[in-house]
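Fold and geometry: a report
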Amino acid sequence: DWPKACPTRPLMFRSAFRLKMNVSKSGYRVFSANSTTACTELAKKITERLGVELGKSLVHQESNGETRVDVKESVRGQDIFIIQTIPSDVNTAIMELLVMAYALKTSCAKNIIGVIPYFPYSKQCKMRKRGSIVCKLLASMLAKAGITHIITMDLHQKEIQGFFSFPVDNLRASPFLIQYIQEEIPDYRNAIIVAKSPSAAKRAQSYAERLRLGLAVMHGEAHHSELDMVDGRQSPPFSPPSTRTTQGHTGLELPLMMAKEKPPITVVGDVGGRIAIIVDDIIDNVEDFVAAAEILKERGAYKIYIMATHGLLSADAPRLIEESAIDEVVVTNTVPHEVQKLQCPKIKTVDVSMILAEAIRRIHNGESMAYLFRNIAVDD
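As a starting point, this report considers the structure included with it. Here the structure is a predicted model, which is why all the values come from computation and not from measurement. (Residues numbered from 1 in each chain as written. Predicted model: local features only at pLDDT ≥ 70, side-chain atom pairs only at ≥ 80, totals over all residues. Heavy atoms only, no water.)

Focus: the nonpolar core
Core analysis: the largest hydrophobic core is formed by 47 residues, its most contacted members being Ile151, Leu171, Ile193, Ile277, Met307 and Leu356. In terms of residues, this core owes the most to one element, helix α10 (residues 353–365), which gives six residues. Beyond its immediate chain neighbours, meaning those up to four positions away, isoleucine 277 contacts Ile181, Ile185, Ala191, Ile192, Ile193, Val194, Tyr305 and Met307. Core analysis: the second largest hydrophobic core is formed by 32 residues, Ile94, Ile112, Ile116 and Phe166 among them. (Core = buried A, V, L, I, M, F, W, Y, C linked by side-chain atoms within 4.5 Å. Buried < 20%, exposed > 50% of the residue type's maximum accessible area, 1.4 Å probe, protein only. Helix = DSSP H or I, 4+ residues; strand = E, 2+ residues; numbered from the N terminus. Contact = heavy atoms within 4.5 Å.)

The following block contains the structure:
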């Protein structure tokens, strides 16, 4: 018991204790959930810009393939940011992120924010026959693991944000890519922005309007859009039991939909004697880009650049780029691609760690994110 001569001492003690707890809760930590060194480069650049050290943790794969995460410092009551870049082994990276998020949750972290510059499975955001919307499944798994907020960049479809039950900040890489065009492409005023398919026209139009350049759109058989894939379940029409036969299905007769027949590839817009800049969000298998570059060369473009946010560059992409009519491929460092750069000197990298670091700082301090979305329109 406290002496009666000091009736205020317990109050002072409680105030000091409350102050100490507030101080501890005001901190934040930044962790990397990757088990490979190449994938931690972006995390290191972000922490350097923030002026903090990367959180101490151990992420590794057991001999049987299981993922193990050990957090080496206290995270109780703190905001925790997990930076997870996605290498070619996508499923391992996802499991590392889930296990680390759950480890931080059970260690009493206050908030767990996932910084996932390239969100995996974003192309699987629509129903295909008897498939599944895997992107929605992944969003549910992240929420269950304990993540309370996501910072990402250039989602393949903006509507993916609706899959999450917590806030999503979908940052844009276009300011950095536009700056590269202005500073690194000589005579960019003689360029024209190209959409390699009608579905990419909105993104290309945004670039063209900001750079005050013309716009061209490619259309035809060389590109097989994911919109052309068969949707639905192709089940036979329903027929009442009395009309069913063993020979086939009778009953409901629906109007027959005419099959699509695309024309030969065409370029809507004049690219003759100009620099062609193809813009997209993801460059993975590059066959479509190589075919588009050949057509643009035939139409008179004398230089061809490709600008994309996420450079996955899978399979033989470096070799195909090196042997193609493409002059340069510019991508950001949302996905590690150092090996591909060694194989193909045409691949250039733009650093986006600045905007990711600023997003982390603003979220932790409770500041508005509007500054990072200046002049960003709905279609961007």
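What follows continues from the structure just given.
Some remarks on the sheet that holds strand β5 (residues 111–116)
Sheet architecture is open: five strands sit in the order β1-β4-β5-β6-β7, paired in parallel fashion. Since the sheet does not close on itself, it has two edges, and those belong to β1 (28–32) and β7 (168–171), each with one partner. Ignoring strand direction, the axes of neighbouring strands in this sheet form an average angle of 15°. Pairing between strand β6 (residues 149–153) and β7: four bridges, direction parallel. Counterpart to methionine 153 in the pairing with β7 is leucine 171. The strands touched by helix α3 (residues 90–106) within the sheet are β1, β4 (79–83) and β5, with β4 carrying the most contacts at an inclination of about 170°. Helix-sheet contacts for α10 involve β1, β4, β5, β6 and β7, and the interaxial angle to β6 is about 160°. (Pairing = 2+ DSSP bridges. Axes fitted to C-alpha atoms, helices over the stretch in contact; angles between N-to-C directions.)

Let's talk about the pairing of strand β9 (residues 214–219)
Here strand β8 (residues 191–195) runs beside β9; their pairing, made up of four bridges, is parallel. Looking at the pairing, alanine 195 lines up with valine 217 of β9. With helix α6 (residues 201–211) bridging β8 and the parallel β9, this β-α-β connection has right-handed handedness. (Right-handed = clockwise from strand over helix to strand, strands pointing away.)

Some details on the environment of glutamate 322
Mapped onto the fold, glutamate 322 is located in helix α8 (residues 317–323). Sequence separation of glutamate 322 and lysine 346 is 24 residues, and the distance between their C-alpha atoms is 6.8 Å. Those residues within four positions of glutamate 322 in sequence are excluded, and the remaining contacts are Cys344, Pro345 and Lys346.

So, the side chain of glutamate 328
Locating glutamate 328 in the fold gives a position in strand β13 (residues 328–332). A polar contact of 2.6 Å, which involves the side chain of glutamate 328, links it to the side chain of tyrosine 180. Residues contacting glutamate 328, with those up to four places away along its chain left out, are Tyr180, Ile304, Tyr305, Ile306, Lys346 and Lys348. (Polar contact = N/O pair within 3.5 Å; in protein donor to acceptor, adjacent residues only side chain to side chain.)

Observations regarding the sheet that holds β13
The strand order across the open sheet formed by seven strands is β10-β9-β8-β11-β12-β13-β14, and the pairing between neighbours is mixed. The sheet terminates laterally at β10 (266–268) and β14 (347–350), the two strands that pair on one side only. For this sheet the average axis-to-axis angle between neighbouring strands, irrespective of direction, equals 25°. Sheet topology places strand β12 (residues 303–311) next to β13; four bridges connect them, and they run parallel. Bridge assignment links alanine 308 to a residue of β13, and that residue is valine 331.

As for the pattern of salt bridges
A full pass over the atoms with the stated rule returns eleven salt bridges. Via salt bridges that share partners, Glu358, Arg361, Arg362 and Glu367 belong to a single interconnected network. (Salt bridge = Lys/Arg side-chain N within 4 Å of Asp/Glu carboxyl O.)

Section: the pairing of β5
With five of six residues buried, β5 lies mostly within the body of the structure. Note: β4 against β5, five bridges, orientation parallel. Counterpart to aspartate 79 in the pairing with β5 is asparagine 111. Following the backbone out of β4, through α3 and into the adjacent parallel β5, one traces a crossover that is right-handed. Sheet topology note: the β5/β6 ladder contains four bridges and is parallel. By the bridge assignment for β6, valine 115 is matched with isoleucine 151. A crossover links β5 with its parallel partner β6, the connecting element being helix α4 (residues 134–145), and its sense is right-handed.

So, the environment of serine 197
As for its position among the elements, serine 197 is in the loop between β8 and α6. Sequence separation between serine 197 and aspartate 288 is 91 residues, and the spatial gap between their C-alpha atoms is 9.7 Å. Reaching out from serine 197, the side chain makes a polar contact with the side chain of serine 199 at a distance of 2.9 Å.

Some words on the packing of aromatic side chains
Under the defined criterion, the tally for this structure stands at three aromatic pairs. With a centroid separation of 6.0 Å and an interplanar angle of 85°, the aromatic rings of tyrosine 28 and phenylalanine 81 are classed as edge-to-face. Here phenylalanine 81 lies in strand β4 and tyrosine 28 lies in strand β1, a separation of 53 residues in the sequence. Each member of the pair, tyrosine 28 together with phenylalanine 81, is buried. Consider the rings of phenylalanine 164 and phenylalanine 166, whose centres lie 5.4 Å apart with planes at 55°: the pair is tilted. (Phe/Tyr/Trp six-rings, centres within 6.5 Å; stacked < 30°, edge-to-face > 60°.)

Details of the packing of α3 against α4
Relative to each other, α3 and α4 sit at 25°, their axes nearing to 8 Å. Comparing their axes, α4 and α3 come out roughly parallel. Of the residues in α4, those touching α3 at Ile94, Leu97, Leu98, Ala101, Tyr102 and Lys105 are Leu138, Met141, Leu142, Lys144 and Ala145. Partitioned by chemical class, the residues of the contact of α3 with α4 number nine nonpolar, no polar and two charged. (Parallel < 35°, antiparallel > 145°, perpendicular 65-115°, else oblique. Nonpolar A, V, L, I, M, F, W, Y, C, P; charged D, E, K, R; others polar.)

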